[in-house]
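Inside the fold
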Amino acid sequence: MSTISLSREQARRFQATYHFRECDLPGLIERLGTIQYDPLNPVGRNPDLVLQARVPDYCVDDWQIAAYQDHLLYDGWDKQACLIPVSDWPRRAILREMYRPYHDREILQADPETATKILAAIDRQGPLSSLEFEDRLRIADAGSWSGTTRTKRVLRAMWVCGILVTHHRRNGRHYYDRPERVIPEAHITTPLLEEKATYHRWIIGRRFQAVGLLRTNAEAAIWSACGKSETRKQAIAELVEEGTLTPVSIEGKNWTYYLPTSALPLLEAPPQPERVIFLGPLDSFLWDRKGVEHIFDFDYTWEVYKPESLRKWGYYVLPVFYKDRFIGRLDSRLEQQTWTIHRWWWEKDIVPDADLLTSLQIAAARFLRYLRAKDIRVHDSVDKDVRAALLKVESTVA
């Protein structure tokens, strides 16, 4: 398939249309194929932020109904921790077998006795969290991804490896169960995908599905569970040959992007309605940070793990999008049912007009409903135009 050439303006419009066409939650799951999870919760967790940017009337934690009651999603390991369509379960057998992170394999190999005891307890009692086990011996520092106690480490390793899945969460805490008691029977009994080349084409196609325009030399974390470089190169060549992916060049860089061929009609689609959108820091729109900088002239780093003294912007800063570009950054928290705006930064070339400020006001009202908040507080240091727009929203809920 021949390479198509796009201006940066065309690429911006495509990405905005690809990602921000509003739809319902099942439709968005089908569109993106995976939504990255992170437990930090200053204004909803990352999947909440991803969904509110695209699903009208979405509210914090609605995804848990889709995952734990409707079983449209399951809570598992993909690029990192992600929400994944439950129908993917049979296709991800190779991921669970071949691409278990090394530390999780080592944890289970080093302590098989604890894993056996955990499974026996869950079989007897049903879904359990780490709190239901007596082991409280701390073996790692607080904040360790794999867990601070032996039981937490083994539970997390079993979850990453697909031996256990999340039955539900309570205040963010996993309650684990056997997959066959969580994943609907139709997907458990579907024959598992065992052909490795087929799996690699499928999982790599999923990455392009999640991002839209994506480079093969994007950040390594994007290609987790996608095989080594040569495997990916071969799979992408086959996806292009069969017409699933289309190669793209974008002015300004000698880089090759690819997009899902099924999305080509969006290049001719009319512009999306003009609305301000607050984006989560791990939104798949932002996965390829260098690609975002190339296409949008927007340099974004999630600074949550940086020491405070090294942060340029702040702890949990959300990018702000409007029309087909990034216009600013927002630092805020939900504090006792009050959405508190701490700081706002316009991008250097943005001069807000009346239409933009009206769109910001509408977006803030929508975000307030999404948070289920009762009020907005705006710090005095916030830009006067932003403050004035947000205070109008405040007056409607006072």
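Reference entry: report on the structure contained in this document. Treat the numbers as computed from the prediction; the structure is a model and nothing was measured.

Notes on the sheet that holds strand E4 (residues 81-85)
As a general point, the strands of a sheet are linked pairwise by backbone hydrogen bonds and lie either parallel or antiparallel. Ordered by their spatial adjacency, 3 strands build an open sheet running E2-E4-E3, and the pairing between neighbours is antiparallel. This sheet does not close on itself; its edge strands, each paired only once, are strand E2 (35-36) and strand E3 (73-77). Sheet topology places E3 next to E4; 5 bridges connect them, and they run antiparallel. Within E4, the position partnered with Gly76 by the bridge is Cys82.

Structural notes on the environment of Asp177
When you line up the elements, Asp177 lands in strand E6 (residues 173-177). The exposure class of Asp177 is buried, given its relative accessible area of 3%. Sequence spacing of Asp177 and Leu128 is 49 residues, and the spatial spacing of their C-alpha atoms is 7.0 Å. Among residues more than four places away in sequence, those in contact with Asp177 are Ile122, Pro127, Leu164, Val165, His167 and Val182.

Digging into the pattern of salt bridges
Oppositely charged side chains are able to pair whenever their charged atoms sit close together. This model, assessed by the stated rule, comprises 26 salt bridges. Between Asp385 and Lys384 there is a salt bridge, with its nearest N and O atoms 3.5 Å apart. Residue Asp385 is classed as partly exposed on the basis of its relative accessible area, which comes to 26%. Through salt bridges with shared partners, a single ionic network connects Asp78, Asp88, Arg92, Arg206 and Arg207.

What about the packing of aromatic side chains?
For the coordinates displayed, the defined rule picks out 29 aromatic pairs. Their ring planes at 80 degrees and their centres at 5.9 Å tell us that Trp302 and Tyr316 sit as a pair that is edge-to-face. Of this pair, Trp302 sits in the loop between helix H12 (289-296) and strand E11 (317-322) while Tyr316 sits in the loop between H12 and E11; the two residues are 14 residues apart in sequence, bridging distant segments of the chain. You'll find Trp302 and Tyr316 in the same group, each marked buried.

Some details on the packing of helix H7 (residues 112-125) against helix H8 (residues 150-160)
The interhelical angle for the contact between H7 and H8, taken along N-to-C directions, is 75 degrees, at an axis separation of 10 Å. With respect to H8, the element H7 is oriented roughly perpendicular. The segment H7 lies against H8, with Thr114, Ala115, Ile118 and Leu119 engaging Arg150, Thr151, Val154, Leu155 and Met158. Residues belonging to the contact of H7 with H8 are distributed by class as follows: 6 nonpolar, 2 polar and 1 charged.

A word on the nonpolar core
Among the nonpolar cores identified, the biggest contains 122 residues, and Phe278 and Trp339 are the most heavily contacted of them. Looking at this core, the element that brings in the most residues is helix H13 (residues 354-371), giving 9 residues. In terms of nonpolar packing, the next biggest core, distinct from the first, is built from 8 residues, Tyr74, Trp89, Val182 and Ile183 among them.

A look at the pairing of E11
For E11, the tally of buried residues reaches 6 of 6 residues, placing the bulk of the element in the interior. The alternating pattern of E11 places Val317, Pro319 and Phe321 and Leu318, Val320 and Tyr322 on opposite faces, both of which are buried. Bridge count for E11 against strand E12 (residues 325-335) is 6 bridges, and the pairing is antiparallel. Within the sheet, the bridge partner assigned to Pro319 lies in E12 and is Arg329. Linking two consecutive strands that pair antiparallel, namely E11 and E12, is a turn of 2 residues; a positive phi of about 60 degrees is found at Lys323 within it.

Here we look at the sheet that holds E11
Here we have 5 strands laid out as an open sheet, ordered E10-E11-E12-E13-E14, and mixed in their pairing. At either end of the open sheet lies a strand with only one pairing partner, and these are strand E10 (276-278) and strand E14 (375-378). Ignoring strand direction, the axes of neighbouring strands in this sheet form an average angle of 35 degrees. Here H13 sits on the sheet and contacts E10, E11, E12, strand E13 (338-346) and E14; the angle it forms with E10, its principal contact strand, is near 40 degrees.

Rules and cut-offs
- Residues numbered from 1 in each chain as written.
- Predicted model: local features only at pLDDT ≥ 70, side-chain atom pairs only at ≥ 80, totals over all residues.
- Heavy atoms only, no water.
- Pairing = 2+ DSSP bridges.
- Helix = DSSP H or I, 4+ residues; strand = E, 2+ residues; numbered from the N terminus.
- Buried < 20%, exposed > 50% of the residue type's maximum accessible area, 1.4 Å probe, protein only.
- Contact = heavy atoms within 4.5 Å.
- Salt bridge = Lys/Arg side-chain N within 4 Å of Asp/Glu carboxyl O.
- Phe/Tyr/Trp six-rings, centres within 6.5 Å; stacked < 30°, edge-to-face > 60°.
- Axes fitted to C-alpha atoms, helices over the stretch in contact; angles between N-to-C directions.
- Parallel < 35°, antiparallel > 145°, perpendicular 65-115°, else oblique.
- Nonpolar A, V, L, I, M, F, W, Y, C, P; charged D, E, K, R; others polar.
- Core = buried A, V, L, I, M, F, W, Y, C linked by side-chain atoms within 4.5 Å.

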